[in-house]
Every structure is written in C-alpha cells, then in structure tokens.
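# Survey of secondary and tertiary structure
One letter stands for each residue in the lines below.
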Amino acid sequence: MPRGRYSLHDPHDHTPLGEEHFHCATGPSGWRYVSQITTPAGEHAGSVDLTLDALGRPVRMELHASGWQVRGAALDGVTWVRSSPTGEDAEQGNVAAHSFTGASPAFLVATARLLRPAAEQPAVRVRLVALTPPVLAPRTLDQAWARGASASHATDSTPLVVDNYQVSDLATGEQHGVHLAGDVVLAAPGIELEELDSPPSF
C-alpha cells in the first residue's frame, strides 16, 4: 500500500501551496486514495477520499477545503452535492461527464485508470468536472490524454516503470506532462513527490 507525501505549488510562479500526505491501495474491486492536506505553515487545509471501481469510475468521492465539502459519484454522468462552510446551503449538480478532477494528485491517477490510453496511440478525449480549492466550485472541462513510451528506471529492488502522458486542455490548447509510476504521481504541474514509504501498486 503506497504511502507518502506530495508537495504542492502554483504551477505558474511556484508559490508553495502546502503538502498532501496520502496512502492508497489497489484491490480486486478497484482503487482507493485517502489524504490530508496541510498549508505551508503545517495547518490542516482539507482532505481527499476517492474510491474507483475496477473500470476507473468514481464510486465515492469526498473533498474538504476551507470548510467547503463536496460528495460525488458516477451516476447519470457524474453527480455531486456541494455544501457551504455553514452547512446551511447544499447544492446538487449533475453533468454528462466521465469523472472528476481537481488539485489533488489522486485525480491524475484516476483519469489515467479511467482512460487507459494505449502507448503511442491517438489521444483519448475526456470530459471532467473540476473541483479546486479553496471553494470547490464545479467547472466542466474537456481534456485529451495521450500516452507516450514508458521508461524503466533501476531501483534497489525491482525496476520502476514510468508512464508518460501528454495532457491537453481542449479549450485553451495548453499542454503539460504527467509522469505516473503505477498509482503514484512522480511529477506533474504543481506536484512533486517528496516521500514514498512503499513501492507503487501496478
């Protein structure tokens, strides 16, 4: 069961945004990721609890940030309920989309598991509902994911296979790389893996 720590920063000016302490596990029915997010000062800033089925679809998602909470799942597209910090206002949403995305590295792993693009093949399009801190307001976006050749890196035990993805925002044309080793993000815009206590799951 991989367990570790990501550092988070602004992908444009590299301002530190905090850290995400996580553990995740692959099982016969899918994959689960749980994390606690802290500010640069070490204060609690939110949490992520995401469960995928064997096909990579979100069967349970719960996010917390700045008092806001979103719970969602794949149901008639994707459906969610977003609650305010006071708990008095709850808004339900539904969009014909494939899954969710957000600031957490968990969503990069989740999208790769959902799409499973073949290496060196045309990009696969996906519609996602983005939920980003601090208020987790939903925004629908379209991306294209293309997987390049995998690379093998020697380690003290077994070789580490890294899958390299090119992700394109279909509205802006902006592109960036995402590098995954199993269910762990090695590097992506705004994300760096700082500690990993056990090997990724493949």
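Bear in mind that the values here come from a model prediction, so they are computed numbers and not experimental data.

The number of helices and strands found in the chain is 1 helix and 16 strands. Each principal axis of the C-alpha distribution contributes one length, and for the chain these read about 55 × 40 × 40 Å. Put simply, the chain has 202 residues, and 43% of those count as buried. Within the structure as shown, the chain displays about 10300 Å² of accessible surface, and the carbon and sulfur contribution to it stands at 52%. Averaging the locations of the 13 positively and 23 negatively charged side chains of the chain gives two centres separated by 8 Å.

On to the environment of glutamate 62. Along the polypeptide, glutamate 62 turns up in strand β5 (residues 58-65). Linking glutamate 62 and leucine 50, residues 12 residues apart in sequence, is a C-alpha distance of 6.5 Å. Not counting residues within four places of it along the chain, the set of residues in contact with glutamate 62 comprises Ser47, Val48, Asp49, Gln69, Val70 and Arg71. At 3.4 Å, the side chain of glutamate 62 and the side chain of arginine 60 are in polar contact.

In this section: the side chain of arginine 82. When you line up the elements, arginine 82 lands in strand β7 (residues 78-83). Although buried, arginine 82 forms no salt bridge, and the nearest oppositely charged side chain, glutamate 91, lies 4.1 Å from it. At a separation of 3.2 Å, a polar atom in the side chain of arginine 82 contacts the main-chain carbonyl oxygen of leucine 136. Among all residues touching arginine 82, those that are not within four sequence positions of it are Trp68, Gln69, Val70, Asp89, Ala90, Glu91, Val135, Leu136, Ala137 and Pro138.

So, about the side chain of threonine 101. With respect to the helices and strands, threonine 101 occurs in strand β9 (residues 99-102). A relative accessible area of 11% places threonine 101 in the buried class. With sequence-adjacent residues up to four places away left out, threonine 101 is seen in contact with Phe107, Leu128, Val129, Ala130, Leu131 and Leu141.

Moving on, we get to the pattern of salt bridges. Considering all chains together, one arrives at 9 salt bridges under this definition. Across the pair aspartate 53 and arginine 57 runs a salt bridge, and its minimum N-O distance is 2.7 Å. A salt bridge links arginine 60 to glutamate 62, with the shortest nitrogen-to-oxygen separation between them at 3.4 Å. One salt-bridge network, held together by shared partners, links Arg32, Asp49, Arg60, Glu62 and Arg71.

Conventions adopted
- Note on numbering: residues in each chain are counted from 1, in written sequence order.
- Given that the model is predicted, a residue must reach a pLDDT of at least 70 before its local features are reported, and side-chain atom pairs must reach 80 or more before they are shown or counted; all residues, however, enter totals for whole chains, interfaces and linings.
- Derived side-chain values reflect all non-hydrogen atoms in the structure, with water molecules and hydrogen atoms excluded from consideration.
- Think of it this way: any DSSP run of H or I at least four residues long counts as a helix, any run of E at least two long counts as a strand, and we number them from the N terminus.
- Accessibility here uses a 1.4 Å probe with only protein chains present; expressed as a share of the type maximum, an area under 20% marks a residue as buried, one over 50% as exposed, and anything in between as partly exposed.
- Here the open area of atoms and residues is found with the Shrake-Rupley method and a 1.4 Å probe, where only the protein chains shown may cover a residue.
- When charges are tallied, Lys and Arg are placed among the positive residues and Asp and Glu among the negative ones, while His and the ends of the chain are skipped.
- In plain terms, the charge of a residue is placed at NZ if it is Lys, CZ if Arg, CG if Asp and CD if Glu.
- Whether two residues are in contact is decided by their heavy atoms: any pair within 4.5 Å suffices.
- Counted as a polar contact is a pair of N or O atoms within 3.5 Å, where, for protein atoms, one must be capable of donating a hydrogen and the other of accepting one, and residues adjacent in sequence contribute only when both atoms are in side chains.
- Put simply, a salt bridge is a Lys or Arg side-chain nitrogen that is within 4 Å of an Asp or Glu carboxyl oxygen.

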